[in-house]
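Fold and contact review
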Amino acid sequence: MNLHSTIWRFLILLLSFSIKRGPLLPADCLRFEGCGSLTVEPALPFLLGSNLTVYCHITKCPQRRECSKISLELNYETVGAWEKVNCTTVIFTLIDVRRPLSFVRCKRHHAQRSEIVGGLDLRGGLPPDKPGNIFCETTRSSDFINCLWERGQETHLPTTYNVSIKRANGTQVLLDQIRGAEEITMPRAMIGENTEHQLIITAYNHFGASQSDPVTLCVEDMVIPETPRIIEIKFESISITAQLQWETAESSEHLRSYVRLSTDNSSWEVVERTDVSKGLIQVDDLRPLTAYEFQMRTCYSGLTRNDTGPVRSAASERLICSKWSLSVRRRSPGKGPSQQLHVWRILGSQKTNGSRMVTVLWKPPPPEDYSGEVQQYKIFIGSDQNPREISLTASSQCSVQVPVNVQTLSVSAVTLYGSTPPADVPLRHSDDCGPLLKVLAPSPNGSAVLVSWSWPGNKPWSPPGGEVLHYVLECRSVPAAELQWQQVAEDQNSTSVTGLTDGVRYNISVYAVTARGVSVPSSGLVYSKEKEPLSGPKVRVLAHEAGRIWIQWGELPVDQQRGFITNYTIYLQTLDSRNTEISETVPGSDPRQKWLDCPEGALVLQMTASTSAGEGPRGSRIPSQPATAGVGLMILIVFIITFFIALIANLMCWSCVRARIKQRCVSWGPAWFGENLPKPGNSVAIRLLEQDGSEPTFSSTYSDPPLSPISLLSQEERDDVYPTIHVEISGQPTAETPLLTSDSGTMLAVSQLEDVSYKPQIAMLALQEEEGTETDEEHMDVATIEEEDGCSSMYGGLFEDFLSSVEVDFSDVPLRLTLRSVGGLLRPKTQEKTTVLNGGVLLGRSENKVAADSPSLDLQQGEIKMCDTADRCLSQYTVETTLTGGYFPQVAAVSSAPICDTQR
């Protein structure tokens, strides 16, 4: 036994089991037992709206140990009203059944399964209505008569129509039966041409019959026009119109044509037509690029009928028309634009050659005016004979250079199906008064602004340039200056501007365009919807006094206002412990300066701006405090000081003034004020000290000698060491004193050596060129003073009016001289002659030896020269000192005090 035979044996056993025990079904399927039947009262078909009684019968009663239940479903819905008659019959009641076709089925339910006992289809209907609107028709050339009627409401059951035609004497001419139809065709020969017949149509079905009213038939009344035939259909692309050329077998003199059309298998629609000529009609307002199906018919016009008699045909109460012609299908072409473009311009400044730049603006043609897309725009510049053409694509404006002799500029749009008529751009100004803006009213939702205008005096008025061609409305945003414009027909005086932004100011202008040119505009400012300002004004304090303050504020930028400013609010807040704040409102139309009453003390100011939408945020805080008297006085003092400094600075620029000021300062000041201090950098001694201590080699005879060691001496030793200075002045006795006085009142003060500081050099040698510049400046100063004051003596730098000549002799000093204030070395047995001339020192050395026991300084010569006037210096001294008692590194400190005549 192979595998295949085993499988087949298993399948046969499974099939046998299912036949004996029941078929194998899915879980949701019902088992059809077929162990019963269903009956319905009243019998089928039933009248719609009736109540039905359904009986469910089973062939045998269930056993006692079986628990079963019987139910009924109507269109898959369980019926709730039931009554059990016995163990095999259950009655179900169906209330107001209105469905013409339904089904019911009876089911028995066991513990674990359900099975169908039986099922039945329920069919219902209605009795037929009386046939109505009966009419018969035929043509003059037809051999048949066609009668039609309306059956009324749907019966949902098969309906039969009996058609009966009798003569006036009751003779039956035609008796025919038609099932389910609403028309009948009979031979025309059955009815006499000049006799009347009676037509009756009876409809009947399962629920009864219904007879129509008798209709009198007459061949003359039944004749209708011949069916026309459409020969050709032509379209015009400019204004999508269709012209239908048709013909008929009879004369069309008394016929009126009608056209109906359908698109995309939709219902038929009778449209208006226009008779162009005999056999040619036109249909307007068709959609472009649309598939149409055309039919037409003709009707008698102006024909009257005799309605006497009992009941006439319905044809006498309606138009006598032909049948609809055969359909002709055509697709309409695309539509070309037919309206002129709306155009405007922005004129630029005129150049020297008379030409100007013109920005041409235009609106695209309305979509309903053309089919497809705009291919390009053309701008024609110049006359119609030889215009210059500019082509543009996908644009709404263009800037062109217009020569001075060109007065014509036009724009046209080009599509696939045609071009718009050229629209002239107005280039000239008529300078005539135009309409005046009357209302600028924002809409409640802020999306638009209603604009209206009128001519002066609110009267219809024709401008001098002729009739108004149209109006142009401009709308420019401030300050961005974005332009919106629109063209308004000449018979309108109002429009609405849309697409505006909330909180943006717009300048709206209206122009009147006439044949003469463009009128003077009338303008106004408006907001589509106002908002609160974005910031507060900037405040500046002009004056702050006790109890009041004077302030000034600037205007907000237009983009910050976002509305018309109705008022300003000023906030004043004190800075004391009370921290009081007061506010004051100022109308927006008032000047932006105001005196305000304010509390005492320091304040802080802030300001806000308000529109009709509300108050904006506060501006920056500006502190201020009242001005005091001390501040004004301080300003005055600073001004006076500044004035004198400027005056002195200007005077110092004059050399004569500088010299006079210097002279006065020296004469008024102390003696040391005019003294030229020596420069330590020029001292050889200091240079030696800066070196390693080695004694340099002096190549110049005018350099300081090498320094000797310095030791400290007591007061008694100083008196023995320092020589006695002898000063001899002509006309006076010789005295051994450090203080010399001349007979003219001039004092020569020679300080004691312990009080004299060591001075390596009083001035550089006149022969040394490196320090010549300073000496030259001193001589120039002295020369200037001599020119202005007339002094005969020379001004000598820091020293003025020295002695003419002083000679000092030193005797030999047995010991080394050590000075407290001198850091130099004194060499004995050296005679040195020092000459002081004009503030300079000339040193002359001699190698003559002197005795060591002659420590004396002899004044060899002294000369005093007197001035003639009292205001001039009295003398000029030349001092010579001769050192005979040893080396003395510097001249003795000799002071000269000039005595004028006024001081004597």
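Everything numeric here is computed off the predicted structure, so don't read it as measured data.

**Quick look at the overall build of the protein**
Helices and strands together make up the secondary structure of the protein, namely eight helices and 58 strands. Expressed as a percentage of the 904 residues in the protein, the buried residues total 39%. Restricting the contact set of the protein to residue pairs at least 6 apart, pairs at least 24 apart contribute 66%. Of the roughly 51,600 Å² of accessible surface on the protein, 52% is carried by carbon and sulfur atoms.

**Topic: helix 5 (residues 655–668)**
Side chains of residues three or four places apart in an α-helix project in the same direction, reflecting 3.6 residues per turn. In this model, helix 5 (14 residues) spans 20 Å end to end at C-alpha, consistent with the 20 Å of a helix rising 1.5 Å per residue. Residues of helix 5 that are buried include every one of Val657, Ala659, Gln663 and Val666, and no others.

**Remarks on the sheet that holds strand 40 (residues 505–514)**
Strand pairing in a sheet relies on backbone hydrogen bonds, with the paired strands running either antiparallel or parallel. Strand order across the open sheet formed by four strands is 38-37-40-41, with antiparallel pairing between neighbours. Of all the strands in the sheet, just strand 38 (483–489) and strand 41 (522–527) have a single pairing partner and so form its edges. Averaged over all neighbouring strand pairs, the angle between strand axes comes to 20°, with direction disregarded. As paired elements, strand 40 and strand 41 share six bridges and run antiparallel to each other. Its bridge partner being in strand 41, serine 509 is matched across the sheet by serine 523.

**A few points about the sheet that holds strand 31 (residues 397–402)**
An order of 27-28-31 is seen for the three strands of this open sheet, with the pairing classed as antiparallel. Where the open sheet ends on each side, the last strands, each with one partner, are strand 27 (343–350) and strand 31. Here the average twist between neighbouring strands, direction ignored, is 20°. Where strand 27 lies against strand 28 (residues 356–362), six bridges are found, and the strand directions are antiparallel. Bridging across to strand 28, isoleucine 346 finds its partner in threonine 359.

**Observations regarding the pattern of salt bridges**
In the structure shown here, the tally under the stated rule is 17 salt bridges. A salt bridge links arginine 105 to glutamate 73; the shortest N-O distance between them is 3.0 Å. Taken together, the positions of arginine 105 in strand 9 (residues 101–109) and glutamate 73 in strand 5 (residues 69–74) put the pair 32 residues apart, joining distant regions of the chain. The class for glutamate 73 is buried, based on a relative accessible area of 10%. Here glutamate 293 makes a salt bridge to arginine 329, at a shortest N to O gap of 3.2 Å. You can see glutamate 293 sitting in strand 25 (residues 291–300) and its partner arginine 329 sitting in strand 26 (residues 328–331), a full 36 residues away along the chain. Relative accessible area serves as the criterion here: at 11%, glutamate 293 is assigned to the buried category. A single network of salt bridges, built from pairs that share partners, joins Glu73, Arg105 and Lys107.

**Quick notes on the state of the cysteines**
Taken as a whole, this structure holds three disulfides when the rule is applied. Here cysteine 136 connects covalently by a disulfide to cysteine 147, the sulfurs 1.8 Å from one another. The S-S bond linking cysteine 136 to cysteine 147 shows a torsion near 110°; that makes this disulfide right-handed. Taken together, the residues span a long stretch of sequence, with cysteine 136 in strand 11 (residues 132–137) and cysteine 147 in strand 12 (residues 144–150) at a distance of 11 residues. Its relative accessible area of 1% is what places cysteine 136 among the buried residues. One disulfide in the model links cysteine 299 with cysteine 321; its S-S distance is 1.7 Å.

**Concerning the pairing of strand 16 (residues 197–205)**
In terms of residue burial, strand 16 counts as a mostly covered element, since seven of its nine residues are buried. Examined bridge by bridge, strand 13 (residues 160–167) and strand 16 share eight bridges and lie antiparallel to one another. What sits directly across from serine 164, in strand 16, is isoleucine 200. The sheet contact formed by strand 16 and strand 18 (residues 215–217) spans three bridges and is antiparallel. Paired with leucine 199 across the two strands is valine 215, which belongs to strand 18. Across four bridges, strand 16 lies against strand 17 (residues 208–211) in antiparallel orientation. Within the sheet, the bridge partner assigned to alanine 203 lies in strand 17 and is serine 210.

**Observations regarding the environment of cysteine 56**
Assignment of secondary structure puts cysteine 56 in strand 4 (residues 50–58). For cysteine 56 and serine 37, which are 19 residues apart along the polypeptide, the C-alpha to C-alpha distance reads 6.1 Å. Leave out the neighbours within four places in its chain, and cysteine 56 touches Ser37, Leu38, Ile70, Thr88, Thr89, Val90, Phe92, Cys106 and Val117.

**Some words on the side chain of arginine 273**
In this structure, arginine 273 sits in the loop between strand 22 (269–271) and strand 23 (274–277). Here serine 257 takes part through its backbone oxygen, which lies 2.6 Å from a polar atom of the side chain of arginine 273. A polar atom in the side chain of arginine 273 sits 3.5 Å from the side chain of aspartate 275. In contact with arginine 273, not counting residues within four places along its chain, are Arg256, Ser257, Val259, Ile281, Gln282 and Val283.

**A short note on the environment of leucine 651**
Residue placement: leucine 651 occurs in helix 4 (residues 629–651). For the pair formed by leucine 651 and isoleucine 661, sequence separation is 10 residues and the distance between their alpha carbons is 9.9 Å.

**Focus on the nonpolar core**
If you look at the biggest cluster of nonpolar residues, it comprises 21 residues, and the most contacted ones within it are Leu72, Leu94 and Leu122. When residues of this core are traced back to their parent elements, those giving at least two are strand 2 (36–41), strand 4, strand 5, strand 8 (89–97), strand 9 and strand 10 (114–125). If sequence neighbours within four positions are ignored, leucine 94 has contacts with Ser50, Asn51, Leu52, Val54, Leu74, Val79, Val104 and Leu122. Cys136, Ile165, Val215 and Met222 belong to the second largest nonpolar core, which has 20 residues in total.

**What about the side chain of arginine 108?**
For arginine 108, the position within the fold is in strand 9. In terms of polar contacts, arginine 108 uses its side chain to reach the side chain of glutamate 115, at 2.4 Å. Non-local contacts of arginine 108, meaning those with residues more than four positions away in its chain, are made with Cys35, Ile58, Lys60, Ser68, Lys69, Ile70, Arg113, Ser114, Glu115 and Val117.

**Quick notes on the confidence of the model for the protein**
Do not read the fine detail of predicted coordinates wherever pLDDT is low. On average, residues of the protein carry a pLDDT of 74, and 66% of them reach 70 or more. A low-confidence stretch, residues 696–702 stays under pLDDT 50, and its non-local contacts, those more than four residues away or across chains, total 11 contacts. Of the regions scoring below 50 in pLDDT, residues 729–904 engages in 398 contacts with residues more than four places distant in sequence or in other chains.

**Some words on the packing of aromatic side chains**
Tallying each qualifying case throughout the model produces 11 aromatic pairs. Both rings, one in tryptophan 362 and one in tyrosine 377, keep their centres 5.3 Å apart while their planes meet at 45°; by these two values the pair is tilted. Separated by 15 residues along the polypeptide, tryptophan 362 in strand 28 and tyrosine 377 in strand 29 (residues 374–381) bring together distant segments of the chain. Note on tryptophan 362: relative accessible area 2%, which makes it buried. Positioned above the aromatic ring of tryptophan 485, the side-chain terminus of lysine 363 is 4.9 Å from the ring centre. Of note, arginine 548 hangs over the ring of tryptophan 595, and the distance from its end group to the ring centre comes to 3.9 Å.

**Looking at unusual backbone geometry**
Following leucine 44, the chain continues to proline 45 via a peptide bond in cis, the omega torsion being -5°. Tracing the chain through its elements places proline 45 in the loop between strand 2 and strand 3 (46–47). Put simply, valine 478 and proline 479 share a cis peptide bond, and its omega is 5°. Tracing the backbone through its elements, the reader meets proline 479 in the loop between strand 37 (468–478) and strand 38. Positive phi, close to 50°, is recorded for asparagine 75, a residue that is not glycine. The topology assignment puts asparagine 75 in the loop between strand 5 and strand 6 (77–78). Phi is positive for histidine 156, which is not a glycine, with a value near 65°. Relative to the helices and strands, histidine 156 is located in the loop between strand 12 and strand 13. We classify histidine 156 as partly exposed; its relative accessible area is 33%.

The rules behind these values
- Residues numbered from 1 in each chain as written.
- Predicted model: local features only at pLDDT ≥ 70, side-chain atom pairs only at ≥ 80, totals over all residues.
- Heavy atoms only, no water.
- Helix = DSSP H or I, 4+ residues; strand = E, 2+ residues; numbered from the N terminus.
- Buried < 20%, exposed > 50% of the residue type's maximum accessible area, 1.4 Å probe, protein only.
- Contact = heavy atoms within 4.5 Å.
- Areas by Shrake-Rupley, 256 points an atom, 1.4 Å probe, with all protein chains shown as cover.
- Expected span 1.5 Å × (residues − 1).
- Pairing = 2+ DSSP bridges.
- Axes fitted to C-alpha atoms, helices over the stretch in contact; angles between N-to-C directions.
- Salt bridge = Lys/Arg side-chain N within 4 Å of Asp/Glu carboxyl O.
- Disulfide = S-S within 2.5 Å.
- Polar contact = N/O pair within 3.5 Å; in protein donor to acceptor, adjacent residues only side chain to side chain.
- Core = buried A, V, L, I, M, F, W, Y, C linked by side-chain atoms within 4.5 Å.
- pLDDT = per-residue confidence, 0-100.
- Phe/Tyr/Trp six-rings, centres within 6.5 Å; stacked < 30°, edge-to-face > 60°.
- Lys NZ or Arg CZ within 6 Å of the ring centre and 35° of its normal.

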